[in-house]
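The residues making up each chain are set out below.
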Amino acid sequence: MHALPFIATLGFLLYATISLNAQRNLDYLGYLPYSQTLSDVWGYVAADGHEYALVGALDGVSVVDVQDPALPVELAFLPGAESIWRDLKVWQQYAYVTNETGGGLAILDLSNLPFSVDTFSYRERDLWSAHNLFIDSSGIAYICGANIDGGGVTMLDLSSNPLEPVFVGAYSDRYVHDVYVRGDTMWTADIQIGEFSVIDISDKSNPVVLASQSTPFGLTHNCWLSEDGASLAVTEEYFAGHILTYDVSDLSDIRELGRFRSNWESNVIPHNVFYRGNWLVSSYYRDGVFLTDATRPQNLVGTGFFDTSPFPSDGAFNGCWGVYPYLPSGRILATDIEEGLFILEPSYKRASYLEGRVTDTMRSLPKIYAQVEIMGTNARPYITGLDGEYRTGTVDSGLFTIRVTASGCQTALFPNVLLQPGQVRLLDVDLFCSSTGVEEPPEAQQVQFKAFPSVFQRQFWVNWEMPFAMQNNVNAELLVFNSAGQMMERRVLESTAGQLELGAKWPAGSYLLSLSDGLNKRLAKVIKY
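Keep in mind that what you see is a predicted model, and the values were worked out from it rather than measured.

Colleague: Can you walk me through the pairing of strand E4 (residues 51–57) in this structure?
Modeller: Along any regular strand, the residues point their side chains to alternate faces of the sheet. Counting buried residues along E4, seven of its seven residues qualify, which places the element largely inside the surrounding structure. Where burial is concerned, the two faces of E4 agree: the one with Glu51, Ala53, Val55 and Ala57 and the one with Tyr52, Leu54 and Gly56 are both buried. Here strand E3 (residues 38–45) runs beside E4; their pairing, made up of six bridges, is antiparallel. The residue of E4 that forms the bridge with leucine 38 is alanine 57. Counting the residues between successive antiparallel strands, the hairpin from E3 to E4 contains five residues, one of them, glycine 49, with a positive phi of roughly 90°. Counting the residues between successive antiparallel strands, the hairpin from E4 to strand E5 (residues 60–65) contains two residues.

See below:
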């Protein structure tokens, strides 16, 4: 056994204490620690309704009885190739498991639980390793990031004989990191080129790309379709990354709707996101599990969280890897890489919304760079764009003071504004502004620029975000100077946000980086040793 049930009581005491300040609308029910690191998690429900967790571990799969969430019990451990990536999905009474090291597609027969689990493997067409998989409602498995078919998507029919899948087609145009399928449409997360793609697979021997959409930072990690099929949620696995929603109701006009981050003041990284009803359930590495009300996908509001990780909120690949929100009991399974398996009870609370428009009354124009705050809450202050509109919200409800500020304008305060769950409070604001020159964004919303690590041996990374960089139809640029003042590199940045890897071929020394979007400039210094 790889789980450590004998210290589960100690774990309960530890997390019962920690979670007092690190949870909301996600209650701790149970916990199972492990002697090795974990990866993804999935759920399995037997014919009698008994619930199990399937836990990806460093060297195999752990099968856990979670019917009594306070006393989770590992029933079996099925060894496999050692790999820090292990993903799992279920079809009928079988689990299918991928890893990036070897052994092919593992197949677990769960029909004899709780007594035993039989294991098989699929290695046809030289399938040896793969990153992830998805299984649709008709029993087609989509294996992505494999060592065959160009790392795209290998399609296997499980319906005739789940132990002997039948190859039915492949999409090999590009590497696919993760995939979601509904009906005859496949949605792929193309992390290497920073896009998600929409593919017609009605003829699985001849997939046809219908549309592609780039995402802001370009590390498109996973995607999941809303129940009504109108919105797609996407994660970008990068430092200070977003969960995004897109309007995909018209594939000829895909539009970004909203963005969410668990912590707007840190570089914490999102991992996977799932739709459950109108909520997004996500694993967010060092920040744990998050619930986000996506009823209004253009205004995403966090309404629940449980921090599984003792590490501080920051940009590192520790903490919550996987989350599974589809058990009939409603409980959520979550795997923390270092800490173990958590069983949580969610309360899906509706957000209270505040939306409107800010206008400069002196010029009868939309006010850009105005900051709208819901005082006394942890709602993110919203900065208006060129249209002057804002959208924000909070899980709290009641009477609040709304504060609206902008450079050169009188601060506007609105006391006793009633915000109610599931309701949109419209509040248009007229600001009295004396300045008539060029508008300057608030400090927090000017160019976001970070170079890390600042002292490096091989390479370092640059993150930037410029929400309004394109307002003058100019591209931003990054300039790199050595200690003698000579320009080493010049990069034209065609997107408003992104990440670059630099320095691999630079000689040792100190360097000055200058990032400009035409309105603002940011400087950073790095040293290579």
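Colleague: For this particular structure, what's the right way to read unusual backbone geometry?
Modeller: Among all residues except glycine, the phi angle is most often negative; among peptide bonds, the trans geometry is most common. Note that the residue after leucine 113, namely proline 114, is joined by a cis bond; omega there is 10°. Residues phenylalanine 452 and proline 453 are joined by a peptide bond in cis, for which omega reads -10°. One non-glycine residue, tyrosine 285, lies in the positive phi region at around 40°. You can see tyrosine 285 is positioned in the loop between strand E24 (279–283) and strand E25 (289–293). Here the phi dihedral of tyrosine 369 falls at roughly 65°; this positive angle occurs in a residue that is not glycine.

Colleague: Could you clarify how one ought to interpret the environment of phenylalanine 134 in this entry?
Modeller: Looking at the secondary structure, you find phenylalanine 134 in strand E11 (residues 132–135). Overall, the relative accessible area of 7% leaves phenylalanine 134 in the buried class. Remark: the alpha-carbon pair of phenylalanine 134 and methionine 155, spanning 21 residues in sequence, is separated by 9.7 Å. For phenylalanine 134, the contacting residues outside a window of four places in its chain are Lys89, Ile140, Ala141, Tyr142, Val179, Tyr180, Val181 and Trp224.

Colleague: Where do I start with the state of the cysteines in this structure?
Modeller: What is meant by a disulfide is a covalent connection between two cysteines, made through their sulfur atoms. This structure, assessed with the given rule, holds one disulfide. Each disulfide pairs two cysteine sulfurs, and for cysteine 409 the partner residue is cysteine 433, the sulfurs being separated by 2.0 Å. Its S-S torsion of approximately 100° makes the covalent link between cysteine 409 and cysteine 433 right-handed. One end of the pair, cysteine 409, is in the loop between strand E35 (398–405) and strand E36 (412–419); the other, cysteine 433, is in the loop between strand E38 (429–431) and strand E39 (448–452), and 24 residues separate them in sequence.

Colleague: Just checking my understanding: could you explain the sheet that holds strand E15 (residues 178–182) for this structure?
Modeller: Strands pair in a sheet through their backbones, by hydrogen bonds, and they do so in one of two ways: parallel or antiparallel. In spatial order, the strands read E15-E16-E17-E18; together these four strands make up an open sheet with antiparallel pairing. Here the strands that pair on one side only, and so sit at the sheet edges, are E15 and strand E18 (208–214). Across the sheet, the mean angle from the axis of one strand to that of its neighbour is 20°, orientation sign disregarded. Two strands pair when backbone bridges link them, and strand E17 (residues 195–200) and E18 are joined in this way by six bridges, in the antiparallel orientation. Pairing of aspartate 200 across the sheet is with valine 208, part of E18.

Colleague: It is not clear to me how the nonpolar core should be interpreted in this structure. Could you clarify?
Modeller: Grouped burial of nonpolar side chains is what soluble globular proteins tend to show. Counting 85 residues, the largest nonpolar core has Tyr142, Met186, Leu333 and Leu341 as the members making the most contacts within it. Of all the elements, E4 adds the most residues to this core, at five residues. If we skip the residues at most four places from it in the chain, methionine 186 touches Tyr142, Val153, Tyr171, Val179, Tyr180, Val181, Ser197, Val198, Ile199 and Ile201. Ranked by size, the runner-up nonpolar core spans 20 residues in total, among them Val358, Val404, Leu419 and Cys433.

Colleague: Hey, could you run me through the sheet that holds strand E26 (residues 301–306) in this one?
Modeller: Read across the open sheet, the five strands follow the order E1-E26-E25-E24-E23; overall the sheet is antiparallel. The sheet is open, and its two edges are formed by strand E1 (23–24) and strand E23 (272–276), each paired on a single side. Bridging between E1 and E26 involves two bridges; their strand directions are antiparallel. By the bridge assignment for E26, arginine 24 is matched with phenylalanine 305.

What counts, and where the lines are drawn
- Residues numbered from 1 in each chain as written.
- Predicted model: local features only at pLDDT ≥ 70, side-chain atom pairs only at ≥ 80, totals over all residues.
- Heavy atoms only, no water.
- Buried < 20%, exposed > 50% of the residue type's maximum accessible area, 1.4 Å probe, protein only.
- Helix = DSSP H or I, 4+ residues; strand = E, 2+ residues; numbered from the N terminus.
- Pairing = 2+ DSSP bridges.
- Contact = heavy atoms within 4.5 Å.
- Disulfide = S-S within 2.5 Å.
- Axes fitted to C-alpha atoms, helices over the stretch in contact; angles between N-to-C directions.
- Core = buried A, V, L, I, M, F, W, Y, C linked by side-chain atoms within 4.5 Å.

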